[in-house]
Amino acid sequence: MKKYKYPSVLTIAGFDGSGGAGIQADIKTISALGCYATSVLTALPVQNTKGVRKIYPIPVEAVADQIEAILDDILPDAIKIGMVHTSELVETIVRTLGKYSKIPIVFDPVMVATSGHRLIEEETIETIVEKLFPIATVITPNMDEAAILAKMEVKTLKDMQIAGERIKELGCNTILLKGGHQETPKIISLFLDQSNQYHAFEVTKYETNNTHGSGCTLSSAIASYIAQGKSLYDAVGLGQEYVHSAIYNGKDVQTGKGNGPLNHFFNPQKLIKNEMD
């Protein structure tokens, strides 16, 4: 009898009880794209569409135990890492993942809240650059995060190019600089590949507040397409198309009183079954 397996994606991220961001957005995205989602919880923020009220930490030992339990049993085809808010957590994740074979990693360096508040300390950023950047296949900073990493203002497309080159020198493999904060009718994101070549992706900007969790969704979508066997370049492009469509299909829906979620299930795919060798 033939045996099959699902393309699986592990998300290592924080909680969002309102369902729009964090591990909930990741699981929705991975599932909507036909992959099997496993998850590891790194923190328990208390939040809704209006913002974060409090963050309860998860012990780092519990994070390590969760990762080992999943990877010992359901080896993922790709890993997405979201907000890691302490140096100790970064080191724990990197050390635990180091015990396993080389799995593609998409890292979303969440550093700044929508309100503009920094979410992590300078020391944690240094640990992320030193330990996490080298093992990540691609990192996906927005313009605010790129500004922190490159230590410069990032307002224009030219700024994004310069920042990308500076961040690449910190030791990343590839970077997708997200242009969602551009105040223009068209949004341009830049993908800087391993050969230091830029690739531009352009989409129309929609007038909506329903973008809560768009960064989490994008990194999970890229990881899902990698898990399906797509090239990194194709995964980056397809991931952005998915997020753009999810925003479009949820832009006129009110969920909560603040920044609403995307419509992750605008065109859900059946769970993919790949024949095993």
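The text that follows walks through the structure, step by step, so that each part is easy to find. (Residues numbered from 1 in each chain as written. Predicted model: local features only at pLDDT ≥ 70, side-chain atom pairs only at ≥ 80, totals over all residues. Heavy atoms only, no water.)

Moving on: the layout of surface pockets. By volume, the second largest pocket is sized at about 160 Å³. Forming the boundary of the second largest pocket are Met143, Asp144, Ala147, Glu153, Val154, Lys155, His181, Gln182 and Glu183. Partitioning the lining of the second largest pocket into residue classes produces three nonpolar, two polar and four charged. (1 Å grid on protein atoms, 1.4 Å probe; cavity = no way out; pocket = protein on both sides within 12 Å on 5 of 7 lines; lining within 4 Å. Points joined across faces, edges and corners; volume = space filled by probe spheres on them. Nonpolar A, V, L, I, M, F, W, Y, C, P; charged D, E, K, R; others polar.)

Once that is clear, we can look at the packing of aromatic side chains. Under the criterion given, the structure shown has five aromatic pairs. With centroids separated by 5.8 Å and ring planes inclined at 15 degrees, the aromatic side chains of Tyr6 and Tyr36 adopt a geometry described as stacked. Placement of the pair is Tyr6 in the loop between strand E1 (4-5) and strand E2 (8-13) and Tyr36 in strand E3 (residues 36-41), with a sequence separation of 30 residues. The positively charged end of Lys273 is found above the aromatic ring belonging to Tyr4, 4.8 Å away from the centroid. (Phe/Tyr/Trp six-rings, centres within 6.5 Å; stacked < 30°, edge-to-face > 60°. Helix = DSSP H or I, 4+ residues; strand = E, 2+ residues; numbered from the N terminus. Lys NZ or Arg CZ within 6 Å of the ring centre and 35° of its normal.)

All right, on to unusual backbone geometry then. Backbone geometry places Lys151, a non-glycine residue, at a positive phi of 55 degrees. Looking at the element boundaries, Lys151 is found in the loop between helix H5 (143-150) and helix H6 (157-168). Here Asn196, not a glycine, exhibits a phi torsion of approximately 65 degrees, which is positive. Of note, Asn196 is situated in the loop between strand E10 (186-192) and strand E11 (198-204). For Asn196, a relative accessible area of 48% gives the class partly exposed. (Buried < 20%, exposed > 50% of the residue type's maximum accessible area, 1.4 Å probe, protein only.)

It is worth spelling out the environment of Ala146 at this point. In this fold, Ala146 is placed in helix H5. The exposure class assigned to Ala146 is buried, which follows from its relative accessible area of 0%. In the structure, Ala146 is positioned 96 residues away from Tyr242 in sequence and 23 Å away in space, judged by C-alpha atoms.

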